[in-house]
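# Coordinates in review
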Amino acid sequence: MRPNDLGGARPSRPFTADQAWHHTATRAAECVLFFDFDGVLAPVEDDPNAAQPVPEVTAAVAGLAEHVRQVSLVSARPVDFLRDRFPTLDNVDFHGLYGLEHSRGMGETVTEPDALPWVPAMAELAERARAELPEGALVEYKRLSVALHYRTGPHLASEVEAWGMAEASRLGLKVQGGRMVIELKPPVDRDKGMVTRDAVGDARIAWYFGDDVSDIKAFNALRAREAEDPDFFGVCVAVANPETGQEVAGAADLTIDSPQALGKFLASALQSLR
């Protein structure tokens, strides 16, 4: 255990959730909380547009935002989608499309300038995907990326992924795998790890809640910050699911069973910060 300058002690690994929240409570004003959306704040749905946050999660996140330095959503979804799901969270940062978009609450959405020239190519790609992919594949167009889902047709995984990889090679796009999805995005150097690294700033504590392989980069960002700064405390939380399984859970400090269980977890945490 290492003492910190505010009293109490930074937990050493492995630590319990109670130990981590107790330490967080001693310096809540220096804490940043990061949340993915799908599979964390909201259950994953067959139709991505049907996803809605768990009500208990929304209430807890709003409460936590009043007690910590910053709450940030870091998602593959566009900023507009996130704001539509959390219209009352005007003091939360929204990082959409793996960091290609950003806004503070209901403020202006800022897009990475290097990504903007790719908007026409993404629109054309989405149209090609709808025309060429087999029935059962779902094409989600996000202006700056295109997600190819096969959740309702898992037998199509190989075909959808092969088509996506071929198009990525043809157009020079980046590929991001996920839960029953392959996503194509511009060759711009932004991901959840970079967002987390930059958004932590000079905070002394950060929690990241994720469920997918793209969130491991954010976990790694917190680990790297700890390695650089012995006084920094990072907590990586995996929301369990059968699709990413041990790959994400094995990279985390703590595991939670579901978005519904996360609502109860955060409500309890909020009590410890009050």
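Now for a look at the structure at hand. Keep in mind it's a predicted model, so treat the numbers as computed, not measured.

Counting secondary structure elements, the chain contains nine helices and 14 strands. Computed over its C-alpha atoms, the radius of gyration of the chain comes to 19 Å, within 12% of the 19 Å expected for a compact globule of 274 residues. Along the longest, intermediate and shortest principal axes, the C-alpha atoms of the chain span 60 × 35 × 35 Å. Look at the contacts in the chain between residues 6 or more apart in sequence, and 59% of them connect residues 24 or more apart. Of the roughly 11,600 Å² of accessible surface on the chain, 51% is carried by carbon and sulfur atoms. Measuring between centres, the 27 positive side-chain charges of the chain sit 4 Å from its 42 negative side-chain charges.

Let us look at the sheet that holds strand β5 (residues 93-96). Taken together, eight strands build an open sheet; the order of strands is β7-β6-β5-β4-β3-β12-β13-β14 and the sheet is mixed. On the outer flanks of this sheet lie β7 (110-111) and β14 (254-256), each paired with one strand and no other. Bridging between strand β12 (residues 205-210) and strand β13 (residues 233-239) involves six bridges; their strand directions are parallel. Residue Y208 lies in a different strand from β13, and its bridge partner there is C236. Along the sheet face, helix α9 (residues 259-273) touches β3 (31-35), β12, β13 and β14 and points at about 155 degrees away from the line of β12.

Right, let's talk about the pairing of strand β9 (residues 146-149) for a bit. The side-chain alternation of β9 yields two buried faces, one formed by V146 and L148 and the other by A147 and H149. Relative to β9, strand β8 (residues 138-141) runs antiparallel, the two sharing four bridges. If you follow Y141 over to β9, its bridge partner there is V146. In sequence, β8 turns back onto β9 through a hairpin of four residues, with R143 there showing a positive phi of about 75 degrees. Note: β9 against strand β11 (residues 181-185), four bridges, orientation antiparallel. Bridge pairing links H149 to V181 in β11.

Right, let's get into empty space enclosed by the protein. Counted according to the given criterion, the structure contains one cavity of 30 Å³ or more. In this structure, the largest cavity encloses a volume near 350 Å³. Along its surface, the largest cavity is lined by 26 residues, and D38, H149, R179, V181 and D212 are the ones closest to its centre. Of all the secondary structure elements, the ones that give two or more residues to the lining of the largest cavity are β9, β10 (174-178) and β11. With three residues, β10 is the largest single contributor of residues to the lining of the largest cavity. Of the residues that constitute the lining of the largest cavity, the class distribution is seven nonpolar, six polar and 13 charged.

Next up on the list: the nonpolar core. Counting 43 residues, the largest nonpolar core has L41, W207, F209 and L266 as the members making the most contacts within it. Of all the elements, α9 adds the most residues to this core, at six residues. Excluding residues within four positions of it along the chain, F209 makes contact with W21, F34, F35, D36, V40, V237, I256, L262, F265 and L266. Among the nonpolar cores identified, the runner-up in size contains 18 residues, and A206, I216, F219 and V248 belong to it.

What follows is about the packing of helix α6 (residues 192-200) against helix α7 (residues 216-228). Remark: α6 packs on α7, axes separated minimally by 7 Å, with the N-to-C direction vectors making an angle of 40 degrees. As judged from the angle between their axes, α6 and α7 are oblique. The handedness of the crossing between α6 and α7 is right-handed. Contacts between α6 and α7 involve K192, G193, T196, R197 and V200 from the former and K217, A218, A221, L222 and R225 from the latter. Tallied by class, the residues present in the contact of α6 with α7 amount to four nonpolar, two polar and four charged.

A word on the side chain of R151. With respect to the element layout, R151 can be found in the loop between β9 and α5 (157-171). On the basis of relative accessibility, which here comes to 17%, the residue R151 falls in the buried class. From its side chain, R151 meets the backbone oxygen of R179 in a polar contact 3.3 Å long. Setting aside chain neighbours within four positions, we find R151 in contact with V44, E45, D46, R179, M180 and E243.

Thresholds applied
- Residues numbered from 1 in each chain as written.
- Predicted model: local features only at pLDDT ≥ 70, side-chain atom pairs only at ≥ 80, totals over all residues.
- Heavy atoms only, no water.
- Helix = DSSP H or I, 4+ residues; strand = E, 2+ residues; numbered from the N terminus.
- Rg over C-alpha atoms; globule rule 2.2 N^0.38 Å.
- Contact = heavy atoms within 4.5 Å.
- Areas by Shrake-Rupley, 256 points an atom, 1.4 Å probe, with all protein chains shown as cover.
- Lys, Arg positive; Asp, Glu negative; His and termini not counted.
- Charge placed at Lys NZ, Arg CZ, Asp CG, Glu CD.
- Pairing = 2+ DSSP bridges.
- Axes fitted to C-alpha atoms, helices over the stretch in contact; angles between N-to-C directions.
- Buried < 20%, exposed > 50% of the residue type's maximum accessible area, 1.4 Å probe, protein only.
- 1 Å grid on protein atoms, 1.4 Å probe; cavity = no way out; pocket = protein on both sides within 12 Å on 5 of 7 lines; lining within 4 Å.
- Points joined across faces, edges and corners; volume = space filled by probe spheres on them.
- Nonpolar A, V, L, I, M, F, W, Y, C, P; charged D, E, K, R; others polar.
- Core = buried A, V, L, I, M, F, W, Y, C linked by side-chain atoms within 4.5 Å.
- Parallel < 35°, antiparallel > 145°, perpendicular 65-115°, else oblique.
- Left-handed = near helix turned anticlockwise from the far one by under 90°.
- Polar contact = N/O pair within 3.5 Å; in protein donor to acceptor, adjacent residues only side chain to side chain.

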